[in-house]
Amino acid sequence: MKTLVIDDNHSNQRIDKYLKKLLCRAPSSLIYKMLRKKDVKVNGKRVKENYMLHTGDVVELFLYEDKFQEYSQPITIYDLKIEFDVLYEDENILVVNKPAGLLIHEDINESTNTLANQVLTYLYQKGEYDPHHDLGFIPGPVHRLDRNTSGIVIFGKTMTALQDLALMMKQRHCIDKTYLTICKGYIESQELIGYMKKDSDQSLVKVVSKDTPGALTMDTIVKRLDYQDDFSLLEVKLVTGRTHQIRVHLASINHPVIGDSKYGDFELNKMIKKKYHLNHQFLHAYKITFVKPIGSLKYLQDKTIICPLPQKLNAIKTQIFYENA
């Protein structure tokens, strides 16, 4: 029998979800079978799969030690080069600057060198996270950036912080996220409302009509900061947080982000690449403000974190809007 005491990093979640993370190499069918056959008890009593764990709960698993070790093999901490910059950190959250080109999570082409794994390396080296001691819990990001979008990514370092951040991300106006981009043409400051739907087969997003089945609302606030040589420098605020939202929304009104190989103006991109050596979209997550933080993160009220443009993007901005003015 294996006995575990629930701490703050494992509380406030369903027992089945906890067991799936704890016994990460076991099939889900085994976990639910254990629950049905009373091979899982909390505080000496049988529980159902929807039981919510609390700090101090004693979980008993009727599982041989060799099987427990087999099913709960800790995640690997890789010895990775830290490519991100730390913008803000406390005991609950870590806010980093992701460089363009770095994936946040693994995909079919890259399973090791990701931002998420680099953060685990960083926390492990600081002595703040050890997968052998924190079975079933992994610090992680609470939102995504496209691979070739640079800038701010927020990580939760504790379960409570992750849960609070996830809830804040779901509710609008808890965290303001602002981006800098350069688009084609002259655009007025405005609020864009549209509808999108993912096309998984082509790995892209399509703008659709409101009455399309499965359509999701896109709400994007655009503020023009400068205009020069048929390019607009924009500050863009996301009200909704859809996949590729800024890129697809601007492209849908004929003001695509420069360098965007998926939704952009391909002839323009050729010129941009030749003149400015830009091989990806000019899009940078440069500011977040905690407008309405909740729970364990209330102390972040009105805190703003700014991430300056990367050197390359800043040089392009300077060339377009100031040297050519």
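Look up: the structure comes first, before these words.
Rules behind the numbers
Just so you know, the residues in each chain are numbered from 1, in the order the chain's sequence is written. Per-residue local features are limited, in this predicted model, to residues with pLDDT of at least 70; the limit for side-chain atom pairs, both in listing and counting, is 80 or more; totals at the level of whole chains, interfaces and linings are taken over all residues. Excluded from the side-chain calculation are hydrogens and water; included are all heavy atoms of the structure. In this description a helix means any DSSP run of H or I spanning at least four residues, a strand means any run of E spanning at least two, and both kinds are numbered starting from the N terminus. Only protein chains enter the calculation, and the probe is 1.4 Å; a residue is then buried if its accessible area is under 20% of its type maximum, exposed if over 50%, and partly exposed in between. Contacts were defined at the residue level, with two residues in contact if any of their heavy atoms lie within 4.5 Å. Here the accessible surface of atoms and residues is derived via Shrake-Rupley with a 1.4 Å probe, and residues count as covered only by protein chains that are part of the display. Lys and Arg are tallied as positive, Asp and Glu as negative. Neither His nor the chain termini are counted. Charged groups are reduced to one reference atom each: NZ for lysine, CZ for arginine, CG for aspartic acid, CD for glutamic acid. Here, a salt bridge means any Lys or Arg side-chain nitrogen found within 4 Å of an Asp or Glu carboxyl oxygen. Within this scheme a cavity is a closed region of a 1 Å grid, computed over the protein atoms alone, that accommodates a 1.4 Å probe without allowing it to escape, whereas a pocket is open but has protein on both sides within 12 Å along at least five of seven lines; lining residues each have an atom within 4 Å of a point. Grid points are joined across faces, edges and corners, and a volume is the space filled by probe spheres set on the points. We call Asp, Glu, Lys and Arg charged. Ala, Val, Leu, Ile, Met, Phe, Trp, Tyr, Cys and Pro are nonpolar, and the rest, Gly among them, are polar. Pairs were defined over the aromatic rings of Phe, Tyr and Trp, the Trp ring being its six-membered one, requiring ring centres within 6.5 Å. Orientation was assigned from the angle between planes: stacked under 30 degrees, edge-to-face over 60, tilted for the rest. Two strands pair under a simple rule: DSSP has to find at least two bridges between them. Here, the term nonpolar core denotes a set of buried Ala, Val, Leu, Ile, Met, Phe, Trp, Tyr and Cys residues that are joined through side-chain atoms within 4.5 Å. Whenever two N or O atoms come within 3.5 Å, that pair is a polar contact, provided that in protein one can donate a hydrogen and the other can accept it, and provided that, for residues adjacent in sequence, both atoms are side-chain atoms.

This next bit is on the overall build of the protein. Along the backbone of the protein there are eight helices and 15 strands. If you line up the protein on its principal axes, its C-alpha atoms span 75 × 45 × 40 Å. Counting over 325 residues, the protein shows a buried share of 47%. Taking the contacts inside the protein whose residues are at least 6 apart along the sequence as the reference set, 65% of them involve residues at least 24 apart. With the model as given, the accessible surface of the protein reaches about 16,600 Å², and the carbon-plus-sulfur share is 48%. The average position of the 45 basic charges and that of the 40 acidic charges among the side chains of the protein differ by 5 Å.

Take the pattern of salt bridges next. Tallied over the full model, the rule gives 14 salt bridges. In this structure, Lys157 engages Glu89 in a salt bridge whose closest nitrogen and oxygen atoms are separated by 3.0 Å. Within this pair, whereas Lys157 is found in the loop between β8 (150-156) and α5 (159-170), its partner Glu89 is found in strand β5 (residues 85-89), the two being separated by 68 residues in sequence. Between Arg224 and Glu188 there is a salt bridge; the shortest N-O distance is 3.7 Å. Here Glu188 lies in the loop between β9 (175-184) and β10 (190-199) and Arg224 lies in strand β12 (residues 216-228), a separation of 36 residues in the sequence. Overall, the relative accessible area of 26% leaves Arg224 in the partly exposed class. In the salt-bridge network here, residues are joined through shared partners; they are Glu89, Lys126, Glu128 and Lys157.

Estimates place the volume of the second largest pocket at around 150 Å³. Going through the elements one at a time, α1 (15-22) and α5 are the ones with two or more residues in the lining of the second largest pocket. Among the residues forming the lining of the second largest pocket, the class breakdown is two nonpolar, three polar and three charged.

A word on the packing of aromatic side chains. Taken as a whole and assessed by the stated rule, the structure comprises two aromatic pairs. Aromatic side chains Phe84 and Tyr122 sit 5.6 Å apart centroid to centroid with 80° between the ring planes, which places their arrangement in the edge-to-face category. In this pair, Phe84 sits in the loop between α3 (65-71) and β5 while Tyr122 sits in helix α4 (residues 115-125), placing the two residues 38 residues apart along the sequence. You can call Phe84 buried: its relative accessible area is 5%. Under the relative-accessibility criterion, Tyr122 is labelled buried at 16%.

Attention now moves to the pairing of β10. Direction of pairing for β10 relative to β12: antiparallel, over a ladder of seven bridges. Bridging across to β12, Gly194 finds its partner in Met218. For β10 and strand β11 (residues 204-207), the ladder comprises four bridges, and the chain directions are antiparallel. Paired with Lys197 across the bridge in β11 is Lys206.

On to the sheet that holds strand β4 (residues 58-61), then. In space, the four strands of this open sheet follow the order β1-β4-β2-β3, with antiparallel pairing throughout. Edge positions in the sheet fall to β1 (2-5) and β3 (45-46), since each of these pairs with one other strand and no more. As paired elements, strand β2 (residues 40-42) and β3 share two bridges and run antiparallel to each other. Within β3, the residue paired with Lys41 across the bridge is Arg46.

Time to look at the nonpolar core. Among the nonpolar cores identified, the biggest contains 48 residues, and Ile93, Leu115, Ile154 and Phe290 are the most heavily contacted of them. Taken together, the elements giving at least two residues each to this core come down to β6 (93-98), α4, β8, α5, β9, β13 (231-238), α6 (245-252) and β14 (283-290). Ignoring anything within four residues of it in the chain, the contact list for Leu115 reads Phe84, Val96, Lys98, Leu102, Leu103, Ile104, Val153 and Phe155. The next biggest cluster of nonpolar side chains, apart from the first, holds 20 residues, and it includes Ala26, Leu35, Val40 and Val42.

Our focus in this paragraph is the environment of Glu188. Given the relative accessible area of 46%, Glu188 is considered partly exposed. Expressed as a C-alpha distance, the spacing of Glu188 and Lys2, which sit 186 residues apart in the sequence, is 63 Å. There is a polar contact of 3.4 Å between the side chain of Glu188 and the side chain of Tyr186.

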